[in-house]
Each structure stands twice: as structure tokens, then as C-alpha cells.
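Read off the chains here:
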Amino acid sequence: MLKNHLHKKNGMVSRFLISERGSSMIFFALSLIVIAGSAALVTDIGMLAMEKARLGNAVDAATLAATRAHLERPGTERTVAASYLEKNGFPGIQFNLDIDLQDNTLEIMASEDVPYGFGRILGVDKAIAHSRAAAKVLPVLSMTHGIRPFALSDMPLVFGASYTLKNGGGSGYTGNYGAIALGGNGASNYLDNIVEGYDGRLMVGDQIDTEPGNMSGPTYNGVTSLLADCIHNPKCTATSFEPDCARLITIVIVDSMAVNGRKTVKIKGFASFFLTGVDGQGKDSVVHGTFVRSITSGEMDEGQSDYGLYGVRLIQ
Ligand SMILES: [Zn+2]
């Protein structure tokens, strides 16, 4: 009797223990599902964030490139944007491209489906990554590299028209033929500035000196060297040139070059020309260039006068 009772008691104890163990197991299993589910969600959300960042970078690059294309080769904006999106890992992605001519801005919007891996367990099979970027074009206020030592007096310039960037003997103002002294003076400094470009910082409002004298030899040699330095095939022309062509030069626009001898003149802006030739020998080297629109990496300003040389900046 006693034995029986004890046995019964033991049985109750073990049943109690088994049921405790059972609920622990269930709790453990549920916890695992919650943990795994959270981890899955975190993984998918992390992947989505990474994809958004990658798409953002690609859209930024495409927007800058398309804005440059808009200025340099109007009509090619979409093709250029698509090629930049492809280069940055998004071949064939759908995108909208808007150009606001009033505000000088270009905007690209792109979106992409990002498939969920673990999220499918919870019934969510994808998310959409969106990206939007806009770039603005503004006239350049300062330059820090590559300025050539020629200057034009401030005047309305016509795109596609040919200008004389440096005159020959007898045709300049008294002693000034269109040359300026940058970072020093003298013929050898002037020649270096033609071939290499001046790398100091020049800003609108800065006072610079003219470089009087005909400087015919260095002018002819420097410009001939630049003309021969177009490495592109087919060769660049004033209507179709590569942005990195040696024949595309930036010069300064000043208040007036009608000064006598070495004088200080004031920078009004920067303009780009495609070098088309250098005529004459002896004292008559005349430099010709076609006024073109161009893009540079200089500092920009909304209020700066427009001389056809622009910087491009992402605005959002
Ligand atoms: Zn070229």
C-alpha cells in the first residue's frame, strides 16, 4: 500500500517535470523563430540600405555626367546617363530625366526592385529602392588650374564665332597684343603658361598684369605645340571635341586690354576657346580660337556673369 502510494507520487512528479521541459522546449523554439525572423529582417533591411546607397552613387554620377553632356553635346543626355548607370552597376535600369532650362538644372530619378531573401518567409518578397539627384550649372567664379596667358576685353561673345586671342605686331593696343603675365613675367614664363597652363588660383575681381611686347616666337611655338597635342581620333574640331583635348583652352576676360605698356587689368570672368590656328611668323603670330561652351571644376557662383564656362554641382 505504502509502496503503491509512493509509486503514484513519483509518477506525478515525473509528469510535472516532463510538462515543464515541454514548455521550455516550445518557448525555446518560439524564441528561435523570433530571433531568426528578426535576423532575417535585419539582413534584408541591411541589404536594401546598401542597395539604396549603391543606386544613390550611380544616380549622382549619371546626373553630373548628363549635365555636362547637356552643355557640351545637347541631345546625348539620356545616352550618357544610361552609360554611367551601367558603369556603376545598373545596366538597363529604368529612369526619368528632366531638364529645366529656366533654372539650369537636370534631374534624374531611378528605382529598382530589391528582392528579399528571408523576408519571403514573412510574405514580403521585395522592396523598392528609389534615388533622385539634381545638378545645377553655374558660371565659374574662380579657377585653380590650366589658365592660358591670353585675355580678351569684356564684350558680348557669340558661341561658335572665331576670335583673335592674341594679335600680331602693329594690330594691338600700345604695346599690348592680348598676352597677360601669370605667376611672373617674361617670354619663358609666358611660353610655359601657353603649353602647361597657369596653375595658380585666379578669381573674378583679381587684378593681373598685362604682358606687353609681341612675344611672337613663344606664341607660335606654344600654340603650335597645343594644336599638335590633340590625341583624339578622329581629330577634334571646333564643333566636335573631347572635353580633355589640348586644343580646348581657358583664358580670362578682363575689363579692358586697351592699356599702354605693362598695366594692371581686372578679371571679369573665364571663357573657353577651341584653338583653331596660329598664323604668321616673325612678329606676326596671331592666335585664333572659336568660342565654345565648356565645363570645369572651378568654384561657381549664381551671380557671376555668364561667359560660357560653367561648373556643375549636385544640389540635392
Ligand atoms: Zn582632341
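Residues numbered from 1 in each chain as written. Predicted model: local features only at pLDDT ≥ 70, side-chain atom pairs only at ≥ 80, totals over all residues.

### Some remarks on the overall build of the chain
Consideration 1: A count of helices and strands for the chain gives 4 helices and 14 strands.
Consideration 2: Computed over C-alpha atoms, the radius of gyration of the chain comes to 34 Å, more than 25% over the 20 Å expected from 2.2 N^0.38 for 316 residues, which places it beyond the range of a compact globule.
Consideration 3: Across its three principal axes, the chain shows a C-alpha extent of roughly 140 × 35 × 35 Å.
Consideration 4: At a minimum sequence separation of 6, the contacts of the chain that also span at least 24 residues come to 70%. (Helix = DSSP H or I, 4+ residues; strand = E, 2+ residues; numbered from the N terminus. Rg over C-alpha atoms; globule rule 2.2 N^0.38 Å. Contact = placed C-beta atoms within 7 Å.)

### Side note on the confidence of the model for the chain
Consideration 1: In this model, the chain carries a mean pLDDT of 87, and residues with pLDDT of at least 70 account for 91%.
Consideration 2: Element-level mean pLDDT values for the chain span from 76 in helix 1 (residues 2-72) up to 97 in helix 2 (residues 77-87). (pLDDT = per-residue confidence, 0-100.)

### A short note on unusual backbone geometry
Consideration 1: A cis amide bond links Asn233 with the next residue in sequence, Pro234, at an omega value of 0°.
Consideration 2: By the element assignment, Pro234 lies in the loop between helix 4 (216-228) and strand 9 (248-254).
Consideration 3: Of note, the phi angle at Asn104 is positive, near 55°, even though the residue is not glycine.
Consideration 4: Among the structural elements, Asn104 can be located in the loop between strand 1 (95-100) and strand 2 (105-115).
Consideration 5: Take Asn104: there are 19 C-beta atoms within 10 Å of it, and that puts it in the partly exposed class.
Consideration 6: Unlike most non-glycine residues, Met215 shows phi in positive territory, near 50°.
Consideration 7: By the element assignment, Met215 lies in the loop between strand 8 (207-210) and helix 4. (Buried ≥ 20, exposed ≤ 12 C-beta atoms within 10 Å, placed from the backbone.)

### Section: helix 3 (residues 187-196)
Consideration 1: Tyr190, Asn193 and Ile194 are the residues of helix 3 that are buried. Taken end-on, helix 3 shows its buried residues confined to a sector of 100°, consistent with a single buried face. Exposed residues lying more than 90 degrees from the buried face of helix 3 are Ser188 and Glu196.
Consideration 2: The elements touched by buried residues of helix 3 are strand 4 (147-153) and helix 4.
Consideration 3: Immediately downstream of helix 3, the backbone of Gly197 shows phi near 85°, a positive value. (Arc of directions from axis to C-beta.)

### Concerning the environment of Asp44
Consideration 1: Relative to the helices and strands, Asp44 is located in helix 1.
Consideration 2: Taking the number of C-beta atoms within 10 Å as the measure of exposure, Asp44 has 21 and is therefore buried.
Consideration 3: Excluding anything up to four places from it in sequence, Asp44 contacts Tyr116, Gly117, Phe118 and Gly119.

### So, the pairing of strand 10 (residues 264-279)
Consideration 1: The pairing of strand 8 with strand 10 spans 3 bridges and is antiparallel. Along strand 10, the bridge assignment pairs Ile208 with Val265.
Consideration 2: With 7 bridges connecting them, strand 9 and strand 10 associate as antiparallel partners. Its bridge partner lying in strand 10, Val254 is registered against Ile267.
Consideration 3: Where strand 10 meets strand 11 (residues 286-292), 7 bridges bridge the pair, whose relative direction is antiparallel. (Pairing = 2+ DSSP bridges.)

### Examining the domain arrangement of the chain
Consideration 1: Looking at the chain, the domain boundaries give domain 1 (26-134) and domain 2 (145-297).
Consideration 2: For domain 1 and domain 2, the distance between their C-alpha centres works out to 45 Å. (Domains from an automatic or database assignment.)

### Description of helix 4
Consideration 1: Across its 13 residues, helix 4 extends 18 Å between first and last C-alpha, which sits within 8% of the 18 Å expected from 1.5 Å per residue.
Consideration 2: Among all positions in helix 4, only Ser216, Pro218, Thr219, Tyr220, Gly222, Val223 and Leu226 are buried. (Expected span 1.5 Å × (residues − 1).)

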